[in-house]
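# Remarks on the overall topology
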Amino acid sequence: MLLNLDLIVRNGVVVTASDQISCDIGIKDGKVKILAAGIPPQEGCKEIDAEGAFVTPGGVDSHVHIAQSAAKGLGARSADDWTSGTRSALAGGTTTVIAFAVQARGASLTDAVTEYHKKSDKYSVCDYSYHLIVTDPNDVQMHTELPKLVKEGISSMKIYMTYANLKLNDGEILNVLMAARKYRVTTMVHCENADIIDWMTNNLHERGMTEPWHHGTSRPPIVEAEATHRALALAELMDTPMLIVHVSAPEAVNIIRRAQTRLLPIYAETCPHYAILDGSEMRKDGFEGAKCVCAPPLRDDPKDKERIWEGLANGTFTVFSSDHAPTCFDDDRGKKLGMINNPTKNPRGNFRTIPNGLPGVETRTPLLWSEGVLKGRISPQRFVELNSTNAAKLYGIYPQKGTIQPGSDADLVIWRPDHKRVPHKIENSKLHHACDYTPFEGVVLEDWPRYTILRGKVVYNGKTNEVLAQPGSGNFLQRGPSTLPGPRNQWPSEWRPE
Ligand code: DUC
Ligand code: ZN
């Protein structure tokens, strides 16, 4: 049988969101051509022996901030540019990232996209796309620019309920949701109540309570739960799908689960830091806690992490994303802003001026694999769903991305076979991002990708820890509408969007 293959991955246990099958993978022109046991050797074709190890689809990280300034508007600088951020992605088994093109208030969505192409196109080493961050949903933007961008393959937008420079009020959110429904755009929402956070932050400052962990005090679970409930009410009113990003509080998980049980098309995302870390990180010595200031915050009750794992196992969470938002610790335009802009001279800094966010694009997949699958919390199929397939479906790139089947891009992660697995300690010095720390320093994993393959090419070799792809080799992905369940044509009143 002459298949003219370029690469055969032999003896793998190929995992998809539904199945697990022992077979070889034949790859031609960057695509999976055949899945079969015992593919005959092909002349001039490279081979990799997976030695009985799991082979999973390349990761799709649908929430990364690369070369984007931090949401608090403090003039913080992203540690990563598109090359370092996407090299880090490949080294951790992620072959596709979806980052954010931010509309400045009063400016156009198209300008945001044009600017972001300049930062990414010649520099990305993995495949990529952008969500729009909408800060000014006026008629022209929603009904002239948005449909044009949808035609160009940008089929999702994110909105915020907090941050002075980004937040929308409920009426503006309804404008966004109406357009999202009309043009079949997936809407992502950052759910935290802005007024409570502002009030609490001012009050804590008046009392001199500015240490890093009071970031958590200022936005307790109820802040996330209230906004989540409100966002879901707006989605139900408009009968349009919605994904709640970076869910951290069990109170919010319960609200989401209830909506899903009512069969509303509500999706949810959580992130490694909410499953692995807790609020004690922000109480570390000196200013160390600033490394783990993110929003929503890490939660104080260590048991909450198990609630997150429950949601990952039982299907409440649709996707597991990194929310990679790196600012360096030792940088006057990074976490140190919390020491520099510190009017009360608190020796442990001022949480209000610490940029929010953690790095994590490289550690996301290995953490979910090791802490989830290898520790028996989730099945390999559920891992694939959370790590790749559901994001590809929700954001309109399935089955090109997110699975292993004939015709799909040959994006693969080859893990180590049982007999070759060695503990892998996470150390920042081994990571490929440009951030000077990882919040997961010292966490010991049971495995790390042995190879990452992007469109049929080995782009990361785990033995040497080398990323082999060149800047500009990543493809911009034109995306279509979500293929997960959408509007139901049911409304809570006589009102209809059209
Ligand atoms: N929170 C955000 O809202 N954005 C980026 C990172 C974070 O922690
Ligand atoms: Zn984010």
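The rules behind the values
Residues numbered from 1 in each chain as written. Chains lettered and ligands numbered in written order. Predicted model: local features only at pLDDT ≥ 70, side-chain atom pairs only at ≥ 80, totals over all residues. Heavy atoms only, no water. Helix = DSSP H or I, 4+ residues; strand = E, 2+ residues; numbered from the N terminus. Rg over C-alpha atoms; globule rule 2.2 N^0.38 Å. Buried < 20%, exposed > 50% of the residue type's maximum accessible area, 1.4 Å probe, protein only. Contact = heavy atoms within 4.5 Å. UniProt positions renumbered as here; feature names shortened; annotations may be inferred. Donors = N, O, S within 2.8 Å, 3.2 Å for Na, K, Ca; no water. Pairing = 2+ DSSP bridges. Axes fitted to C-alpha atoms, helices over the stretch in contact; angles between N-to-C directions. Near = heavy atom within 4 Å. Polar contact = N/O pair within 3.5 Å; in protein donor to acceptor, adjacent residues only side chain to side chain. Areas by Shrake-Rupley, 256 points an atom, 1.4 Å probe, with all protein chains shown as cover. Nonpolar A, V, L, I, M, F, W, Y, C, P; charged D, E, K, R; others polar. Parallel < 35°, antiparallel > 145°, perpendicular 65-115°, else oblique. Left-handed = near helix turned anticlockwise from the far one by under 90°. Core = buried A, V, L, I, M, F, W, Y, C linked by side-chain atoms within 4.5 Å. Salt bridge = Lys/Arg side-chain N within 4 Å of Asp/Glu carboxyl O. Phe/Tyr/Trp six-rings, centres within 6.5 Å; stacked < 30°, edge-to-face > 60°. Lys NZ or Arg CZ within 6 Å of the ring centre and 35° of its normal.

Our next topic: the overall build of the protein. Broken down by element type, the protein carries 13 helices and 19 strands. Here the protein has a C-alpha radius of gyration of 22 Å; the compact-globule value for 498 residues is 23 Å, and the two agree. Taken along the three principal axes of its C-alpha coordinates, the protein extends 75 × 55 × 40 Å. Within the span of the protein, comprising 498 residues, buried residues form 62% of the whole. Restricting to contacts in the protein with at least 6 residues of sequence separation, those with at least 24 account for 77%.

Bringing the UniProt feature "domain: Amidohydrolase-related" (unreviewed entry) in the protein into the picture now. Within this structure's numbering, the places UniProt gives as "domain: Amidohydrolase-related" (unreviewed entry) are residues 54–459. Split by type, residues 54–459 is 35% helix and 14% strand. Its first and last C-alpha atoms lie 18 Å apart.

Tracing the sequence through the fold places E251 in helix α8 (residues 250–261). Spatially, the C-alpha atoms of E251 and H117 are 38 Å apart, while their sequence positions differ by 134 residues. E251 has contacts with P221 and A225, leaving out every residue within four places of it along the chain.

Taken together, the protein donors to the zinc ion (ligand 2) comprise H63 (NE2), H65 (NE2) and D323 (OD), at separations of 2.0 to 2.1 Å. Read from N- to C-terminus, the donor residues coordinating the zinc ion (ligand 2) fall into the pattern H-x1-H-x257-D. Remark: D323 occurs in the loop between β13 (319–320) and α11 (337–340) and H63 occurs in the loop between β6 (59–61) and α1 (82–91); sequence separation between them is 260 residues. A residue is classified by how much of its surface remains accessible, and D323, at 8% relative accessible area, is buried.

This brings us to the sheet that holds strand β11 (residues 242–244). The sheet built from 8 strands is open, its strands ordered β6-β7-β8-β9-β10-β11-β12-β13 with parallel pairing. Here the strands that pair on one side only, and so sit at the sheet edges, are β6 and β13. Taken together, the 3 bridges between β6 and strand β7 (residues 94–102) define a ladder with parallel strand orientation. Each bridged residue has a counterpart across the sheet, and for V60 the counterpart in β7 is T96. Along the sheet, helix α2 (residues 109–120) makes contact with β7 and β8 (127–133), crossing β8 at roughly 150°. Its contacts with the sheet place helix α7 (residues 221–238) against β10 (186–190), β11 and β12 (266–270), and it is angled at close to 175° to β11.

All residues in the neighbourhood of ligand 1 are listed as H65, Y163, H190, C294, A295, D323, A325, N356 and G357. At a separation of 2.8 Å, an oxygen atom of ligand 1 approaches a polar side-chain atom of Y163. A295 places a main-chain nitrogen or oxygen 2.9 Å from an oxygen atom of ligand 1. Taken by itself ligand 1 offers 240 Å² of open surface, and the protein chains cover 97% of this. In the shell around ligand 1, the residues fall into 4 nonpolar, 4 polar and 1 charged.

Two quantities define a packed helix pair, namely the angle between the helix axes and the distance between the axes. It is at 8 Å that the axes of α7 and α8 come closest, and there the two elements cross at 20°. As the angle between them shows, α7 and α8 are arranged roughly parallel. The handedness of the crossing between α7 and α8 is right-handed. On the side of α7, the interface is formed by P221, E224, A225, T228, H229 and L232, while α8 contributes E251, A252, I255, I256 and A259. Residue composition of the contact of α7 with α8, by class: 7 nonpolar, 2 polar and 2 charged.

Attention now moves to the side chain of E371. Relative to the assigned elements, E371 resides in helix α12 (residues 364–373). A polar contact is formed between the side chain of E371 and the side chain of K375, at a distance of 2.8 Å. Non-local contacts of E371, meaning those with residues more than four positions away in its chain, are made with I276, W309, P366, R377 and V444.

One finds W82, V97, L132, L146, M157 and M242 to be the most contacted residues of the largest nonpolar core, which totals 108 residues. Among all residues touching L132, those that are not within four sequence positions of it are A101, L109, V113, L146, L149, I154, S156, M157 and K158. Formed by 21 residues, the second largest nonpolar core is a distinct cluster that contains Y160, L243, A391 and Y395.

Tallied over the entire structure, the rule returns 33 salt bridges. One salt bridge in this structure joins K420 and E51, with 3.0 Å as the shortest N-O distance. With a gap of 369 residues between them, K420 in the loop between β14 (412–414) and β15 (424–425) and E51 in the loop between β4 (46–49) and β5 (54–57) connect regions that are remote in the sequence. For E51, a relative accessible area of 26% corresponds to the partly exposed category. With a shortest N-O distance of 3.0 Å, E115 and K118 are connected by a salt bridge.

As enumerated under the stated definition, the model contains 13 aromatic pairs in all. Ring geometry for Y128 versus Y130: centroids 6.1 Å apart, planes at 40°, classification tilted. Overall, Y130 belongs to the buried group, its relative accessible area being 0%. Residues W369 and F383 carry aromatic rings whose centres are separated by 4.9 Å and whose planes lie at 70° to one another, so their mutual orientation is edge-to-face. A residue pair is termed long-range when its members are at least 10 positions apart, and W369 in helix α12 and F383 in helix α13 (residues 380–394) qualify at 14 residues. A relative accessible area of 0% places W369 in the buried class. In this structure F383 comes out as buried when scored by relative accessible area, which is 0%. Clustering of aromatic rings is evident, with ring pairs tying together W82, Y116, Y128, Y130 and F476. One Lys or Arg, K291, reaches over the ring of F329 and ends 4.8 Å from the middle of that ring.

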